Amino acid sequence: MDFPADPDLNHEWNAFEFPEDSVPERKTSNNWNSKLTGRLVTFRRPIRLAYVVLGIFIIIASIVWYYQNMQGIETITTANCQYKELKLPDGSMVYLNSGTKLTFPKKFTGKIRRVGLNGEAFFDVVKSKGKFIVQTTEGTITVLGTCFNIRSRNEQTRVIVEEGLVRFSADDTTENVILSKNYMSEIYDDHPPSKPQLINVKEWLGWRSGKLVFKRATLSEVSGEIGRYYDIEISIK
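Residues numbered from 1 in each chain as written. Predicted model: local features only at pLDDT ≥ 70, side-chain atom pairs only at ≥ 80, totals over all residues. Heavy atoms only, no water.

Here we come to the environment of Asn154. Tracing the sequence through the fold places Asn154 in the loop between strand 8 (147-153) and strand 9 (156-163). Owing to a relative accessible area of 64%, Asn154 belongs among the exposed residues under this scheme. Linking Asn154 and Asn118, residues 36 residues apart in sequence, is a C-alpha distance of 9.7 Å. (Helix = DSSP H or I, 4+ residues; strand = E, 2+ residues; numbered from the N terminus. Buried < 20%, exposed > 50% of the residue type's maximum accessible area, 1.4 Å probe, protein only.)

Here you go:
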């Protein structure tokens, strides 16, 4: 009886093919990749939101910068115990008392020259075909060319005319008064302008020569002016 020759084990092993479904899948790697992808998506959302917020902020800042610089809004302020003299774009002169803020365009366009005032200032306005308007928190002062003083503090606006004519009107009413040389009018809170009163302009405008002059002033008004003049704080009990 003949027996088969010894088999070639290497040949038989290489010829053997494993079924594809017999090799186990490595699900751990796939699960990890899916989790990692989900986290990346989660992380990207707040980053995108941050970019959107940053973009909006840049746009708003650009608009503000353009309005203040390209449109030309100038702001001049004085601290306590400080005085300034400046020339406006039309050649008008303004003298600022201490503790005052003045805003105006770097270039006047059109027929209206408009400035804003919070504090006290003396104006020497150049005559022009266009109106010159000073806006305070209580009223509006309209002129063509004149010299006048405006004091706007503590919900009170006072106008004193040294030369020319001024129209003084309250913002909350339609009433107004016309002031001529050496006349004064005031607005308190929401009241209309007071009746024009003849005064001694030099006495009322003593601050222009470095003097403190008070006429019918309240205690709070006196303490406020002294505090600004000497740059000190005064408390009343």
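Of all 5 residues in strand 7 (residues 139-143), 5 are buried, a share of seventy percent or more. Here strand 7 shows two buried faces, one formed by Gly139, Ile141 and Val143 and the other by Thr140 and Thr142. By the bridge criterion, 4 bridges tie strand 7 to strand 10 (residues 166-170) in an arrangement that is antiparallel. The residue bridging Thr140 from the neighbouring strand is Ser169, located in strand 10. (Pairing = 2+ DSSP bridges.)

Time to look at the packing of aromatic side chains. One pass over the structure, following the stated rule, counts 4 aromatic pairs. Relative to Phe122, the ring of Tyr95 lies with its centre 6.2 Å away and its plane at 50°, an arrangement referred to as tilted. Of this pair, Tyr95 sits in strand 3 (residues 93-96) while Phe122 is found in strand 5 (residues 112-124), placing the two residues 27 residues apart along the sequence. You can call Phe122 buried: its relative accessible area is 3%. Connected via pairs of aromatic rings, a cluster forms that spans Phe123, Phe132 and Phe148. The lysine or arginine in question, Arg208, covers the ring of Tyr95, its NZ or CZ lying 4.7 Å from the ring centre. Looking at Arg208, its charged tip hangs above the ring of Phe122, at a distance of 3.9 Å from the centre. (Phe/Tyr/Trp six-rings, centres within 6.5 Å; stacked < 30°, edge-to-face > 60°. Lys NZ or Arg CZ within 6 Å of the ring centre and 35° of its normal.)

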